[in-house]
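Secondary and tertiary structure notes
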Amino acid sequence: MSKAISIIKSSTVPVNIENIDTDQIIPARFLKATSRDGFGKNLFRDWRYENDNENQPKKDFVLNNPIYKGKILVAAKNFGCGSSREHAAWAIKDAGFDVVVSSFFADIFKNNGLNNFLLPVTVSDAFLHKIFTAIEKDPAAELEVNVDKQTITIISTGEQETFDINHYKKTCLLNGYDDIDYLLNMKAEIEKFETTL
């Protein structure tokens, strides 16, 4: 299955909470596993369940509300702060998200996300407010994220903003390359260069 991300058009899951740290995204007690699989079920674990019991979901938490679904997680300012744990990106990706939108990301989380084919899209505070407003009016409101054009669009209003992304990481996302894949893709060029030395 391709890991490439080009255009994501999807409804969203809104978590309108500022300063969400990595321990809230995936609590430390779940970091023992080394495989990337299975972390999604513990995404926002302490916010999702009463007394850490999967059989007692908190009805007021957005991930337990069936009207919100999609491949795009929308969060308030300063997402992914706190300790440096790649597991936070694993958990979000394993839960079915390809994109996280916020007006500010912690640098380490941002890099961990990109390394795991999870696209962090940074928007202005004003545009983030518009997104939350659109979702409030219609829980099924869709966003379109275009990696090649580096745009994010609120489908219902047509409003759009551009976002920044490292050129190398953009290439990797568009082609589904991890760092090794990227080098292997350049094998012929590398071999040709070696013959000229």
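It should be noted that the structure appears before, not after, this text.
Residues numbered from 1 in each chain as written. Predicted model: local features only at pLDDT ≥ 70, side-chain atom pairs only at ≥ 80, totals over all residues. Heavy atoms only, no water.

1. So, the overall build of the protein
If you tally the helices and strands in the protein, you get eight helices and seven strands. Radius of gyration (C-alpha) of the protein: 18 Å, near the 16 Å computed for a compact globule of 197 residues. The C-alpha extent of the protein, read off along each of the three principal axes, is 65 × 45 × 30 Å. Burial statistics for the protein: of 197 residues in total, 43% are counted as buried. Expressed as a percentage of contacts within the protein between residues at least 6 apart in sequence, the contacts between residues at least 24 apart total 63%. For the protein, the computed accessible surface area is about 10,700 Å², with 49% contributed by carbon and sulfur atoms. (Helix = DSSP H or I, 4+ residues; strand = E, 2+ residues; numbered from the N terminus. Rg over C-alpha atoms; globule rule 2.2 N^0.38 Å. Buried < 20%, exposed > 50% of the residue type's maximum accessible area, 1.4 Å probe, protein only. Contact = heavy atoms within 4.5 Å. Areas by Shrake-Rupley, 256 points an atom, 1.4 Å probe, with all protein chains shown as cover.)

2. Notes on the packing of helix α3 (residues 87-94) against helix α4 (residues 107-115)
At their nearest, the axes of α3 and α4 sit 8 Å apart, and the two run at 50 degrees to each other. In terms of their interaxial angle, α3 and α4 are classed as oblique. Read as a crossing pair, α3 and α4 show a hand that is right-handed. For the pair formed by α3 and α4, the contact residues are A88, A89 and I92 on the first element and F109, N112 and G113 on the second. Its residues assigned to classes, the contact of α3 with α4 comprises four nonpolar, two polar and no charged. (Axes fitted to C-alpha atoms, helices over the stretch in contact; angles between N-to-C directions. Parallel < 35°, antiparallel > 145°, perpendicular 65-115°, else oblique. Left-handed = near helix turned anticlockwise from the far one by under 90°. Nonpolar A, V, L, I, M, F, W, Y, C, P; charged D, E, K, R; others polar.)

3. So, the sheet that holds strand β7 (residues 160-162)
Strand order in the open sheet formed by seven strands is β4-β3-β2-β1-β5-β6-β7, and the pairing between neighbours is mixed. The open sheet terminates on both sides in strands that have one partner only, identified here as β4 (119-122) and β7. With direction set aside, neighbouring strand axes in the sheet form an average angle of 30 degrees. Of the pairings in the sheet, the one linking strand β2 (residues 72-75) to strand β3 (residues 99-102) comprises three bridges and is parallel in character. Paired with V74 across the strands is V101, a residue of β3. (Pairing = 2+ DSSP bridges.)

4. Side note on helix α6 (residues 167-175)
Three or more residues of α6 are buried, namely K169, K170, C172 and L173. Mapping the buried residues of α6 onto a view down its axis gives an arc of 165 degrees, with all of them on the same face. Taking the backbone nitrogen of Y168 as reference, a side-chain oxygen 2.8 Å away marks N166 as the first, capping residue of α6. (Arc of directions from axis to C-beta. Polar contact = N/O pair within 3.5 Å; in protein donor to acceptor, adjacent residues only side chain to side chain.)

5. A short note on the nonpolar core
Ranked by size, the top nonpolar core spans 26 residues in total, and within it I25, F44, L73, F79, I92 and F109 carry the most contacts. For this core, the elements supplying multiple residues, two or more each, are β1 (7-15), β2 and α3. The element best represented in this core is α3, accounting for five residues. Dropping the residues within four chain positions of it, F44 is found in contact with V15, I20, Q24, I25, F61, L63, L73 and F79. One finds I8, F132, L143 and L173 within the second-largest nonpolar core, a separate group that totals 25 residues. (Core = buried A, V, L, I, M, F, W, Y, C linked by side-chain atoms within 4.5 Å.)

6. Let's talk about the pairing of β4
In this structure, β3 lies alongside β4, joined through four bridges in parallel fashion. Looking at β4, one finds that S102 is bridged to T122. Since β3 and β4 lie parallel, the crossover through α4 that links them has a hand, and here it is right-handed. (Right-handed = clockwise from strand over helix to strand, strands pointing away.)

7. Brief notes about the pattern of salt bridges
Opposite charge on two side chains permits pairing when their charged atoms draw close. Counted according to the given criterion, the structure contains eight salt bridges. The closest approach of N and O atoms between R45 and D52, which form a salt bridge, is 2.7 Å. Here R45 falls in the buried class, since its relative accessible area comes to 6%. Put simply, K77 and D125 hold a salt bridge, and the shortest N to O gap is 3.8 Å. Placement of K77 in the loop between β2 and α3 and of D125 in helix α5 (residues 125-137) is noted, with a sequence separation of 48 residues between them. A residue is classified by how much of its surface remains accessible, and D125, at 46% relative accessible area, is partly exposed. Sharing partners across several salt bridges, the network here consists of R29, R45, D46, D52 and E54. (Salt bridge = Lys/Arg side-chain N within 4 Å of Asp/Glu carboxyl O.)

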